[in-house]
Amino acid sequence: MVYLTRKAEFSASHYYHNPAFTLEENARLFGKCNNPNGHGHNYTLEVTVKGAVDPKSGFVVDLKQLKDVMNREVLDALDHRFLNKEVPEFLTQIPTTENIAIAIWKRLEPKLRSAQLHRVRVYETPDLFVDFYGEA
Amino acid sequence: MKAHLTRRYMFSASHRLHSDEMSPAENWATYGKCNNPYGHGHNYSIEITVSGQVDPQTGMVCNLIDLDGFVQEQLLQRFDHQNLNLLQEFAGAVPTTENLCISIYQIVKRGFHKAHLEKVRIEETTLNSFEYAGEEGH
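Residues numbered from 1 in each chain as written. Chains lettered and ligands numbered in written order. Predicted model: local features only at pLDDT ≥ 70, side-chain atom pairs only at ≥ 80, totals over all residues.

Quick notes on the overall build of chain A
Next up, step 1: Across its full length, chain A carries 4 helices and 5 strands.
Next up, step 2: Starting at the N terminus and walking to the C terminus, you meet the elements of chain A as β-α-β-α-β-α-α-β-β.
Next up, step 3: Projecting the C-alpha coordinates of chain A onto the three principal axes gives extents of approximately 60 × 25 × 25 Å.
Next up, step 4: Taking all 136 residues of chain A together, 29% fall into the buried category. (Helix = DSSP H or I, 4+ residues; strand = E, 2+ residues; numbered from the N terminus. Buried ≥ 20, exposed ≤ 12 C-beta atoms within 10 Å, placed from the backbone.)

Written out as structure tokens, the structure is:
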């Protein structure tokens, strides 16, 4: 089993707000992330796949196919977007780093051929990242 | 859905690696220039990884306001710009980064209960890093 990680970057804006809570509760829970006008980050995405090395190609995965899937399924949808308003998952969910990692997993997992998705890591800043392994 | 969240913090501190159980020659042989009696310092990078179910109400494993507050009060205010050898944690232990990693793990495990602590990772320099995930299941 060999693990391969491909990195990508996207920039997007978001804010944290749950309409089920009062304005005061939202402000207390989410602090400055609650500003309704949004704020932005340069996100770094790391996608790790795993599999046996194909004896013919020497590859775990066709990197071009992986890049194409990441571009089409994730970057085209998230890069330079206001996540709360433009990305379907976040019309009903708060676009926290946790939920972004889970959403990216769900977008990639059914589209990958040959290799198996192992981990999605999303850095919101260099000091904060979330790992999702597809666990229930 | 279960996710892992990692937050990085920085602090700067000095230390000296020296064991009273060894002779000066043994200390020098074991610790080399880290045995300099005047001590020396590092910028430590601490990564704390917690895990748990993502709360559907908040979208979070744990609120960073809580984690940052705990780390600020219990770790950074005590460790930043200090001499590690003088802290109570190292009264009977050499402040290697291994021992620092275990101490920080124990402080977080004991005091922070809003998410499950997975591991503590420390970079002493960009070339050395250490991880401790407790003894359960290891």
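Here we look at the nonpolar core
Next up, step 1: One finds Ala101, Ile104 and Val122 of chain A together with Ala3, Val61 and Val120 of chain B to be the most contacted residues of the largest nonpolar core, which totals 49 residues.
Next up, step 2: Not counting residues up to four positions away in its chain, the partners in contact with Ala3 of chain B are Glu98, Ala101, Ile102, Val130, Asp131 and Phe132 of chain A together with Ser51, Val54 and Val61 of chain B. (Core = buried A, V, L, I, M, F, W, Y, C linked by C-beta atoms within 7 Å. Contact = placed C-beta atoms within 7 Å.)

A word on the packing of helix H2 (residues 63-78) of chain A against helix H4 (residues 97-108) of chain A
Packed helices, taken two at a time, are described by the angle their axes make and the gap between the axes.
Residues and elements named next belong to chain A.
Next up, step 1: Contact geometry for H2 and H4: axes closest at 10 Å, N-to-C directions at 125 degrees. Here H4 runs oblique to H2, going by the angle between their axes. Considering only the axes of H2 and H4, their crossing is right-handed. Contacts between H2 and H4 involve Val69, Glu73 and Val74 from the first element and Ile104, Arg107 and Leu108 from the second.
Next up, step 2: For the contact of H2 with H4, the per-class residue count stands at 4 nonpolar, no polar and 2 charged. (Axes fitted to C-alpha atoms, helices over the stretch in contact; angles between N-to-C directions. Parallel < 35°, antiparallel > 145°, perpendicular 65-115°, else oblique. Left-handed = near helix turned anticlockwise from the far one by under 90°. Nonpolar A, V, L, I, M, F, W, Y, C, P; charged D, E, K, R; others polar.)

Points about the environment of Val122 of chain A
Residues and elements named next belong to chain A.
Next up, step 1: For Val122, the location among the structural elements is in strand E4 (residues 116-125).
Next up, step 2: On the basis of neighbour count, Val122 is assigned to the buried category, with 27 C-beta atoms found within 10 Å.
Next up, step 3: Val122 sits 29 residues away from Gln93 along the chain, and the two C-alpha atoms are 17 Å apart.
Next up, step 4: Sequence-distant contacts of Val122, defined by excluding residues within four places in its chain, comprise Tyr43, Leu45, Thr97, Ile100, Ala101, Ile104, Phe129 and Val130.

A short note on the interface of chain A and chain B
Next up, step 1: Across the contact, 19 residues belong to chain A and 16 residues belong to chain B.
Next up, step 2: The element best represented in the side of chain A that touches chain B is strand E5 (residues 128-132) of chain A, accounting for 5 residues.
Next up, step 3: Residue composition of the side of chain A that touches chain B, by class: 10 nonpolar, 5 polar and 4 charged.
Next up, step 4: Here E5 of chain A runs beside strand E1 (residues 2-15) of chain B; their pairing, made up of 4 bridges, is antiparallel. What sits directly across from Asp131 of chain A, in E1 of chain B, is His4 of chain B. (Pairing = 2+ DSSP bridges.)

Structural notes on helix H3 (residues 97-111) of chain B
Residues and elements named next belong to chain B.
Next up, step 1: Helix length check: H3 (15 residues) gives 21 Å between terminal C-alpha atoms against 21 Å at 1.5 Å per residue, within 8%.
Next up, step 2: What H3 keeps buried is the set Thr97, Leu100, Cys101, Ser103, Ile104, Tyr105 and Val108.
Next up, step 3: Check the buried side of H3 and you find it contacts strand E2 (40-53), helix H2 (64-79), strand E4 (116-125) and strand E5 (128-132). (Expected span 1.5 Å × (residues − 1).)

Remarks on unusual backbone geometry
Next up, step 1: Although it is not a glycine, His80 of chain A sits at a positive phi angle of roughly 60 degrees.
Next up, step 2: Relative to the helices and strands, His80 of chain A is located in the loop between H2 and strand E3 (81-82).
Next up, step 3: Residue classification places His80 of chain A among the exposed positions, given that 11 C-beta atoms sit within 10 Å.
Next up, step 4: For His81 of chain B, which is not glycine, the phi dihedral falls at a positive 60 degrees.
Next up, step 5: Mapped onto the elements of the fold, His81 of chain B is located in the loop between H2 and strand E3 (82-83).

Comments concerning the packing of H2 of chain B against H3 of chain B
Residue and element names in this part refer to chain B.
Next up, step 1: The geometry of H2 relative to H3 is characterised by a closest axis approach of 11 Å and an angle of 130 degrees between their N-to-C directions. One finds that H2 runs oblique with respect to H3. Relative to H3, the crossing made by H2 is right-handed. Contact with H2, carried on its side by Phe70, Gln74 and Leu75, involves Ile104, Ile107 and Gly111 of H3 and no other residues of that element.
Next up, step 2: Along the lines of polarity and charge, the residues of the contact of H2 with H3 split into 4 nonpolar, 2 polar and no charged.

Brief notes about the pairing of E1 of chain B
The side chains of a regular strand alternate between both faces of the sheet.
Residues and elements named next belong to chain B.
Next up, step 1: Relative to E2, E1 runs antiparallel, the two sharing 14 bridges. Directly across from Arg8, in E2, lies its bridge partner Glu47.
Next up, step 2: Two strands pair when backbone bridges link them, and E1 and E3 are joined in this way by 2 bridges, in the parallel orientation. Bridging across to E3, Ala13 finds its partner in Gln82.

Quick notes on the environment of Lys7 of chain A
Next up, step 1: For Lys7 of chain A, the location among the structural elements is in strand E1 (residues 2-14).
Next up, step 2: Setting aside residues up to four positions removed in sequence, Lys7 of chain A forms contacts with Thr44, Leu45 and Glu46 of chain A.

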